[in-house]
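# Working through the structure, step by step
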Amino acid sequence: MPNESSMMPADSHGAVELGALASAQVSGQETGSPEAQVGLNVPLVVQVSEENFQDLMANSATVPVIIVMYSSSQLESKPFVASMEDLARDYAGRFQLATGDVDASPHIAQAFQIQGVPAVVALMNQRPLPLFQGIAPKDQVRPIIDQVLDAGAQMGINGRIAVSEEDTAAPIPPAHEAPLSAEEAGQLDEAIALWEKVLDLNPKDEAAKAHLARVRVAARSASADASDPAAHADALFASGDHEGAFDLLLKIIATADDTEAKDAARLRLLDLFRVAGNSPDVMKARMILSTLVLV
């Protein structure tokens, strides 16, 4: 795989011929000031085609456009395309990402003289700049994107795409759709079962673990027994008294004679930890819990 640590400028003698896909270069165009921040109302991520290629060329005069050419028949390309989409969301509109399937758009691949896939190309003020070919992790791609953005700023290409929270949010994994739908329908027991199934298939899915904990807390709150001290902990947590909820469950774990009650309180506490996140109260309670477990 070619060196991916630096950009590879396009040959000024026509190494990349756009042919009939793009209009003639705009000559004598003035660059914007470094302070300019034009907000484009265009998609953050788009599938490139011959029909929208000239739109992408026009966009590249305002914001850098990064194009990823891949093959739908090459399975290893798909995770790389997904990681590039993640980067587009991370940069929140500082560049537009276009993805193109060479099998569906062979003329675009020919225009960029793509020799292998995946291949990544930037459009800067309607000029194509080959970046790298092959699969690279995000931590190697970020410096390349930063170079593109720096070069764009020097050329006056310093606009942004107008993005919303929805645009920059990570997409919902297909496996998460069914349990989320069940929860939205109020079918909490079914949602719990579905989240547990997701984790059976992928035990490292941290997002699923957090969702499962949240739904468990909601289900317990919906059928809480007022006489159950552990249920009172959920009520304290729901009211915003996280420290009080943790202290109550830690006390049950420390003093209960019944092993089953200890285990139930510990699992309930772990659910609350996941819902609360890494707050100071959680970190403090985790330290106490680890001590109790070792006793």
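Residues numbered from 1 in each chain as written. Predicted model: local features only at pLDDT ≥ 70, side-chain atom pairs only at ≥ 80, totals over all residues. Heavy atoms only, no water.

- The name that an unreviewed UniProt entry assigns to the chain is Thioredoxin domain-containing protein, with the source organism given as Schaalia turicensis ACS-279-V-Col4.
- The Sequence similarities (unreviewed entry) field of the UniProt record for the chain holds the comment "Belongs to the thioredoxin family." (UniProt positions renumbered as here; feature names shortened; annotations may be inferred.)

## Description of helix 4 (residues 138-154)
- Over its 17 residues, helix 4 runs 24 Å from end to end, which matches the ideal 24 Å to within 8%, given 1.5 Å per residue.
- Along helix 4, the positions that sit buried rather than exposed are Val141, Ile144, Ile145, Val148, Leu149, Ala151 and Gly152. Buried residues along helix 4 cover an arc of 160 degrees about the axis, so they all sit on one side. When the buried face of helix 4 is taken as reference, the exposed residues oriented beyond 90 degrees from it are Asp139 and Gln154.
- Glycine 156 lies just past helix 4 and shows a positive phi near 85 degrees. (Helix = DSSP H or I, 4+ residues; strand = E, 2+ residues; numbered from the N terminus. Expected span 1.5 Å × (residues − 1). Buried < 20%, exposed > 50% of the residue type's maximum accessible area, 1.4 Å probe, protein only. Arc of directions from axis to C-beta.)

## So, the pattern of salt bridges
- Enumeration over the complete set of coordinates arrives at 12 salt bridges.
- Ionic pairing is found between glutamate 206 and arginine 274, a salt bridge with its closest N-O pair at 3.4 Å. Within this pair, whereas glutamate 206 is found in helix 8 (residues 206-222), its partner arginine 274 is found in helix 11 (residues 259-276), the two being separated by 68 residues in sequence.
- A relative accessible area of 45% means that glutamate 206 is categorised as partly exposed.
- Overall, arginine 274 belongs to the partly exposed group, its relative accessible area being 37%.
- In this structure, aspartate 234 engages arginine 268 in a salt bridge whose closest nitrogen and oxygen atoms are separated by 2.5 Å. Of the two residues, aspartate 234 is situated in helix 9 (residues 229-238) and arginine 268 in helix 11; the sequence distance between them amounts to 34 residues. Per residue, the accessibility class of aspartate 234 equals that of arginine 268, and both read buried.
- Residues participating in the shared-partner salt-bridge network are Glu196, Arg216, Arg220, Asp234, Arg268 and Asp271. (Salt bridge = Lys/Arg side-chain N within 4 Å of Asp/Glu carboxyl O.)

## Considering the confidence of the model for the chain
- Overall, the prediction assigns the chain a mean pLDDT of 81, with 83% of residues at 70 or greater.
- Predicted confidence in the chain is weakest over helix 5 (residues 165-168), with a mean pLDDT of 62, and strongest over strand 3 (residues 65-70), with 94. (pLDDT = per-residue confidence, 0-100.)

## Comments concerning the sheet that holds strand 5 (residues 119-124)
- The mixed open sheet is built from 5 strands, whose spatial order is 2-4-3-5-6. Of all the strands in the sheet, just strand 2 (45-47) and strand 6 (127-133) have a single pairing partner and so form its edges. With strand direction ignored, the average angle separating the axes of adjacent strands in the sheet is 25 degrees.
- The pairing of strand 3 with strand 4 (residues 96-101) spans 6 bridges and is parallel. What sits directly across from valine 68, in strand 4, is threonine 99.
- Together, strand 2, strand 3, strand 4, strand 5 and strand 6 form the strand contacts of helix 2 (residues 77-91), whose direction differs from that of strand 3 by roughly 170 degrees. (Pairing = 2+ DSSP bridges. Axes fitted to C-alpha atoms, helices over the stretch in contact; angles between N-to-C directions. Contact = heavy atoms within 4.5 Å.)

## A closer look at the packing of helix 2 against helix 4
- The geometry of helix 2 relative to helix 4 is characterised by a closest axis approach of 11 Å and an angle of 50 degrees between their N-to-C directions. By the criterion of interaxial angle, the relationship of helix 2 to helix 4 is oblique. Classified by chirality, the crossing of helix 4 by helix 2 is right-handed. Of the residues in helix 4, those touching helix 2 at Phe80, Ser83, Met84, Asp86, Leu87, Asp90 and Tyr91 are Lys138, Val141, Arg142, Ile145, Asp146 and Leu149.
- Among the residues making up the contact of helix 2 with helix 4, the classes are represented as 7 nonpolar, 1 polar and 5 charged. (Parallel < 35°, antiparallel > 145°, perpendicular 65-115°, else oblique. Left-handed = near helix turned anticlockwise from the far one by under 90°. Nonpolar A, V, L, I, M, F, W, Y, C, P; charged D, E, K, R; others polar.)

## Details of helix 11
- For helix 11, built from 18 residues, the straight-helix expectation of 26 Å at 1.5 Å per residue is met to within 8% by its first-to-last C-alpha distance of 26 Å.
- If you check which residues of helix 11 are buried, you get Ala265, Arg268, Leu269, Asp271, Leu272 and Phe273.
- Between the side-chain oxygen at the start of helix 11 and the backbone nitrogen of glutamate 260 there is a gap of 2.9 Å, and the oxygen is on aspartate 258.
- Of the residues flanking the end of helix 11, it is glycine 277, one or two places downstream, whose phi is positive at about 85 degrees. (Polar contact = N/O pair within 3.5 Å; in protein donor to acceptor, adjacent residues only side chain to side chain.)

## Here we look at the packing of aromatic side chains
- Under the defined criterion, the tally for this structure stands at 5 aromatic pairs.
- Plain terms: the ring middles of phenylalanine 80 and phenylalanine 132 are 6.2 Å apart, the flat faces sit at 75 degrees to each other, and that makes the pair edge-to-face. Within this pair, whereas phenylalanine 80 is found in helix 2, its partner phenylalanine 132 is found in strand 6, the two being separated by 52 residues in sequence.
- One aromatic cluster in this structure is built from Phe237, Phe246 and Phe273. (Phe/Tyr/Trp six-rings, centres within 6.5 Å; stacked < 30°, edge-to-face > 60°.)

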